[in-house]
Amino acid sequence: MSGDLKPNLEAILIDINHHFINIDKYRQEYALHFQKLKNVLFDKLRKTEPLKYLFNGYLLAGSCGDNLKITLPNEFDMIFQIKFPENGLIDVVKDPGIPGNIYLDFTKVLRKIRNEKQHATIYRHMNNWLNGKNYLIIEKFQSYLQGLFAKALEEIIGSGYFCQTKLSYSRQGPAHTIKVNVDESFSYSVDFVPGIILDGQQSVLRTKNEDQWECIPKPIFYSKSHQNVSFRSSFVNREKKLLKRKENLKNTLRFIKKFRDAHSNMGNMKSYYIKMVFLWKAVEVKGTNYWQKSLTQILLDIQKRLNRLP
């Protein structure tokens, strides 16, 4: 590309980003409604036992959490963190059949809390959620949470707190999904995903780090007689650190997503795949200097990398 065209293209890209991709003007309206829903919902969930002892906070993930959403901020992904008593005693075992997946062995946890009165309720429930090897069974734990979500949403609807809003609940993969419809022009969905907290020393990666991480009960479809105990490793905090303070990384990533959406033959290029390409690049170049380059240059570099993918 000739030198005199680059400045013109850069100006065009900046203008497109400002007027057609950036969603700042909609962000507050959606975020405020979502925050109200989240607060009311978890006020109810946190009154139930033993969840009130296991709940350990929220983590906004996905495109909205990373500020990578394009068009409307109408899809939220929220990890609600679960921390068991004596959490550090959970043995994390590699799933030999699925790279990145793990089993959670609670043998040492059970042994430690068995006779502790303050953990009697949790101990009783945990025995219902574990298999013969003391591995946590995804469906049993998720069924417990499903009952709580369904009951809480029923109470919210009955209270009339969101009287002008239609709310519906469903299970979608690992998520407890609530769809919100205020009117024809304002609707959104929230995926509330349970994430069991683990620390860096419990990581099964060859390189340990200090970051807290979560495992996600992403379902794998086996026969009905098979108990699924394989959790997906998730490193949201690590990803957020890699995306942070890199000037044009997020701007360029949103451009790639917008380009994907404009081409019907690119539907299989999932947002997380695109994000991973940028994360690999962030690890490769290190620091922030590279991301201070022009949108034009970074877009060309990333496009070359995407073209090399199988």
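Here, every reference points to the structure presented above.
Our subject in this report is the structure included herewith.

Scoring rules and cut-offs
- Residues numbered from 1 in each chain as written.
- Predicted model: local features only at pLDDT ≥ 70, side-chain atom pairs only at ≥ 80, totals over all residues.
- Heavy atoms only, no water.
- Core = buried A, V, L, I, M, F, W, Y, C linked by side-chain atoms within 4.5 Å.
- Buried < 20%, exposed > 50% of the residue type's maximum accessible area, 1.4 Å probe, protein only.
- Helix = DSSP H or I, 4+ residues; strand = E, 2+ residues; numbered from the N terminus.
- Contact = heavy atoms within 4.5 Å.
- Axes fitted to C-alpha atoms, helices over the stretch in contact; angles between N-to-C directions.
- Parallel < 35°, antiparallel > 145°, perpendicular 65-115°, else oblique.
- Left-handed = near helix turned anticlockwise from the far one by under 90°.
- Nonpolar A, V, L, I, M, F, W, Y, C, P; charged D, E, K, R; others polar.

1. Concerning the nonpolar core
Phase 1 of the analysis: In terms of nonpolar packing, the biggest core is built from 52 residues, with Phe 84, Leu 104, Leu 136 and Phe 192 touching the most fellow members.
Phase 2 of the analysis: The biggest single contributor to this core is helix 7 (residues 138-159), with 9 residues.
Phase 3 of the analysis: Leu 136 has contacts with Phe 84, Leu 104, Phe 106, Trp 129, Leu 130, Phe 141, Ile 196, Asn 228, Val 229 and Phe 231, leaving out every residue within four places of it along the chain.
Phase 4 of the analysis: Formed by 22 residues, the second largest nonpolar core is a distinct cluster that contains Ile 21, Leu 68, Ile 256 and Leu 306.

2. Remarks on unusual backbone geometry
Phase 1 of the analysis: Looking along the chain, the bond that leaves Glu 49 and enters Pro 50 is cis, with omega of 5°.
Phase 2 of the analysis: Counting through the fold element by element, Pro 50 comes out in the loop between helix 2 (24-45) and helix 3 (51-54).
Phase 3 of the analysis: The phi dihedral of Asn 67 is positive, around 60°, even though this residue is not glycine.
Phase 4 of the analysis: Note on Asn 67: relative accessible area 31%, which makes it partly exposed.
Phase 5 of the analysis: Not every positive phi belongs to a glycine, and Glu 86 is a case in point at roughly 55°.
Phase 6 of the analysis: The topology assignment puts Glu 86 in the loop between strand 2 (75-82) and strand 3 (91-94).

3. Quick word on the environment of Val 109
Phase 1 of the analysis: Its location among the elements puts Val 109 in helix 5 (residues 107-113).
Phase 2 of the analysis: Residue Val 109 is classed as buried on the basis of its relative accessible area, which comes to 0%.
Phase 3 of the analysis: With residues up to four places along the chain from it excluded, the contact list for Val 109 reads Pro 85, Glu 86, Leu 89, Ile 90 and Met 126.

4. Some points on the packing of helix 9 (residues 249-261) against helix 10 (residues 271-285)
Phase 1 of the analysis: As a packed pair, helix 9 and helix 10 sit with axes 10 Å apart at the nearest point and diverge in direction by 150°. As the angle between them shows, helix 9 and helix 10 are arranged roughly antiparallel. Here helix 9 runs over helix 10; the crossing is right-handed. Taken together, the residues of helix 10 that come into contact with helix 9 (itself represented by Leu 249, Thr 252, Leu 253, Ile 256, Lys 257 and Arg 260) are Ser 271, Ile 274, Lys 275, Phe 278 and Ala 282.
Phase 2 of the analysis: Counted by class, the contact of helix 9 with helix 10 contains 6 nonpolar, 2 polar and 3 charged residues.

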